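# Examination of the molecular architecture
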Amino acid sequence: MSSLFTPLSIRGTEMRNRLWVSPMCQYSAVEGVPNEWHHVHLAQFAAGGAGLVIAEATAVAPEGRISPEDAGIWTDAQAEAWAPIVAAIRSRGAVAGVQLGHAGRKASTTSPLTGGRGTVSPAEGGWTTVAPSALAYDAFAAPVALDATGIEKVVTDFADATRRAVRAGFQVVEVHAAHGYLLHQFLSPLTNHRDDEYGGSFENRVRLLARVTEAVREAAGEAVVFVRFSATDAADGGWDVADTVAASRLVADAGADLIDVSSGGLVPHQHIVPGPGYQVDYAATVRRETGLLVAAVGMIDDPTFGEQILADGRADAILSAREWLRDPHYALRAAAELGAPSPAPAQYLRAY
């Protein structure tokens, strides 16, 4: 049997295969509320055979949005808008997941759909951003360093967002601690210059993520919890793979079920050369060193390549993004290429 099309069960939730949809920002929400675009966008991947469809980075607080057009789940109205989208994913045979995020110093920025780049000022509908330290990203506006009350709010916001996500029907909740966003900013010494219990040593820098993961686990009930890491900052003096291994063990102790391994995004001077599977070695290292379930991501656009990664024991699942945009029926095509049973809905079977 194909490794890619072998089901995976976590906490009693079964993914019908291991070819999953990675979160992809759509910059199309209004006041954080998802709409018809999100419904069609995400449901098509479920009809296309995905085992798990993870909705885009969804803000746990209004100040946590990457752009003013980001989706959110900090209100009950937003959760209610997510519910029919989740139902559409699940009714098409896929598991529904959501990535919960807070952009920190990379928040309040111009949507790339506008062609612009930079900070959106409060006068233009933006807001003052927050971070572990008052260090700006590139030419973005400088953030305000979070105080103790602000840190407690972050933990509460993630927990409350998780409760809303579960009520909306999401079966997987991913904590976004990668790509230079708030939790990643706390992890890395390049962006965390604090001298309190949340800065300095590795143990202090991972404290907020551990607390968030524990709070999310408690709020999630029987839902599955992922944590996404950037395995390396790809910059001198930054977070590295050994840190990711150690932090993966820590979040597993706090209740995470799977580690989603990406890289980069923290600083503009990072040195990363993208290419097919360029992050797979990081995932393989985390899996080998920890024994935890791990998902690999990063230009894994060829089903045969994805199959080999799993067969070699380098990861337990494959997350793809742009290939799903190019072909929303990617899993149906992959099953045909690998000779696996098709996950096509009954309405499509005559084509396979």
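Residues numbered from 1 in each chain as written. Predicted model: local features only at pLDDT ≥ 70, side-chain atom pairs only at ≥ 80, totals over all residues. Heavy atoms only, no water.

### Some points on the overall build of the chain
- Scanning the chain from N- to C-terminus turns up eleven helices and twelve strands.
- Relative to a compact globule of 352 residues, whose C-alpha radius of gyration would be 20 Å, the chain shows 19 Å and is just as compact.
- Buried residues in the chain amount to 61% of all 352 residues.
- In the chain, 70% of the contacts between residues at least 6 apart in sequence involve partners at least 24 apart.
- For the chain, the accessible area works out to roughly 13400 Å², and carbon and sulfur atoms hold 51% of it. (Helix = DSSP H or I, 4+ residues; strand = E, 2+ residues; numbered from the N terminus. Rg over C-alpha atoms; globule rule 2.2 N^0.38 Å. Buried < 20%, exposed > 50% of the residue type's maximum accessible area, 1.4 Å probe, protein only. Contact = heavy atoms within 4.5 Å. Areas by Shrake-Rupley, 256 points an atom, 1.4 Å probe, with all protein chains shown as cover.)

### Points about helix H2 (residues 76-91)
- Here H2 is 16 residues long and its end C-alpha atoms lie 23 Å apart, about the 22 Å a rise of 1.5 Å per residue gives.
- Within the span of H2, buried status applies to Gln78, Ala79, Ala81, Trp82, Ile85, Val86, Ala88 and Ile89.
- In this fold, the buried residues of H2 make contact with helix H1 (36-47), strand E4 (52-59), strand E5 (95-101) and helix H3 (148-168).
- Once H2 finishes, Gly93 follows within two positions and takes phi at roughly 95°, a positive value. (Expected span 1.5 Å × (residues − 1).)

### A look at the packing of aromatic side chains
- Scanning the model with the defined rule gives six aromatic pairs in all.
- Ring centres of Trp82 and Phe170 lie 5.7 Å apart, and the angle between their planes is 65°; on these two criteria the pair is classed as edge-to-face. Linking Trp82 in helix H2 with Phe170 in the loop between H3 and strand E8 (172-177), this pair joins segments that are 88 residues apart in sequence. Phe170 matches Trp82 in its accessibility class, with the two residues each being buried.
- Consider the rings of Phe202 and Trp239, whose centres lie 5.8 Å apart with planes at 15°: the pair is stacked. Here Trp239 lies in the loop between strand E9 (224-230) and helix H7 (241-253) and Phe202 lies in helix H5 (residues 202-205), a separation of 37 residues in the sequence. Trp239 matches Phe202 in its accessibility class, with the two residues each being buried. (Phe/Tyr/Trp six-rings, centres within 6.5 Å; stacked < 30°, edge-to-face > 60°.)

### So, H3
- With 21 residues, H3 should cover 30 Å at 1.5 Å per step; its first-to-last C-alpha distance of 31 Å lies within 8% of that length.
- What H3 keeps buried is the set Gly150, Ile151, Val154, Val155, Asp157, Phe158, Ala159, Ala161, Thr162, Arg164, Ala165 and Ala168.
- Where the residues of H3 are buried, they touch H2, E5, E8, helix H4 (182-187) and helix H6 (207-220).
- Among the residues of H3, the N-terminal cap falls to Asp147, whose side-chain oxygen and the backbone nitrogen of Thr149 are separated by 3.2 Å.
- Among the residues trailing H3, Gly169 stands out with phi positive, at a value near 105°. (Polar contact = N/O pair within 3.5 Å; in protein donor to acceptor, adjacent residues only side chain to side chain.)

### Re the pattern of salt bridges
- In this structure the tally under the stated criterion is 20 salt bridges.
- For Arg228, the salt bridge identified is with Asp260, shortest N-O distance 2.7 Å. One end of the pair, Arg228, is in strand E9; the other, Asp260, is in strand E10 (residues 258-262), with 32 residues separating them in the sequence.
- For Arg228, a relative accessible area of 4% translates into the label buried.
- For Asp316, the salt bridge is made with Arg287, and the minimal N-O distance between the two is 2.9 Å. Linking Asp316 in the loop between helix H9 (303-311) and strand E12 (317-320) with Arg287 in helix H8 (residues 280-290), this pair joins segments that are 29 residues apart in sequence.
- With a relative accessible area of 7%, Asp316 lands in the buried category.
- Within this structure, Asp301, Glu323, Arg326, Asp327, Arg333 and Glu337 form a network of salt bridges that share partners. (Salt bridge = Lys/Arg side-chain N within 4 Å of Asp/Glu carboxyl O.)

### Notes on the pairing of E8
- Of all six residues that make up E8, six are buried, and the element is covered over most of its length.
- A two-sided burial pattern is seen for E8, the buried positions comprising Val172, Glu174 and His176 on one face and Val173, Val175 and Ala177 on the other.
- Sheet topology places E5 next to E8; four bridges connect them, and they run parallel. Counterpart to Leu100 in the pairing with E8 is Val175.
- Note: E8 against E9, six bridges, orientation parallel. Directly across from Glu174, in E9, lies its bridge partner Phe226. (Pairing = 2+ DSSP bridges.)

### Some details on the environment of Pro189
- You can see Pro189 is positioned in the loop between H4 and H5.
- Sequence separation of Pro189 and Val154 is 35 residues, and the distance between their C-alpha atoms is 20 Å.
- If sequence neighbours within four positions are ignored, Pro189 has contacts with Arg205, Gly237, Gly238 and Trp239.

### Overview of the packing of H1 against H2
- Running from N to C, H1 and H2 cross one another at 20°; their axes reach a closest spacing of 8 Å. Overall, the two elements H1 and H2 adopt an arrangement that is roughly parallel. The two elements H1 and H2 cross, and the hand of that crossing is right-handed. Packed against H1, whose contacting residues are His38, His39, Leu42, Ala43 and Ala46, the element H2 presents Trp82, Pro84, Ile85, Ala88 and Ile89 at the interface.
- Each residue belonging to the contact of H1 with H2 can be placed in one class, and the counts come to eight nonpolar, two polar and no charged. (Axes fitted to C-alpha atoms, helices over the stretch in contact; angles between N-to-C directions. Parallel < 35°, antiparallel > 145°, perpendicular 65-115°, else oblique. Left-handed = near helix turned anticlockwise from the far one by under 90°. Nonpolar A, V, L, I, M, F, W, Y, C, P; charged D, E, K, R; others polar.)

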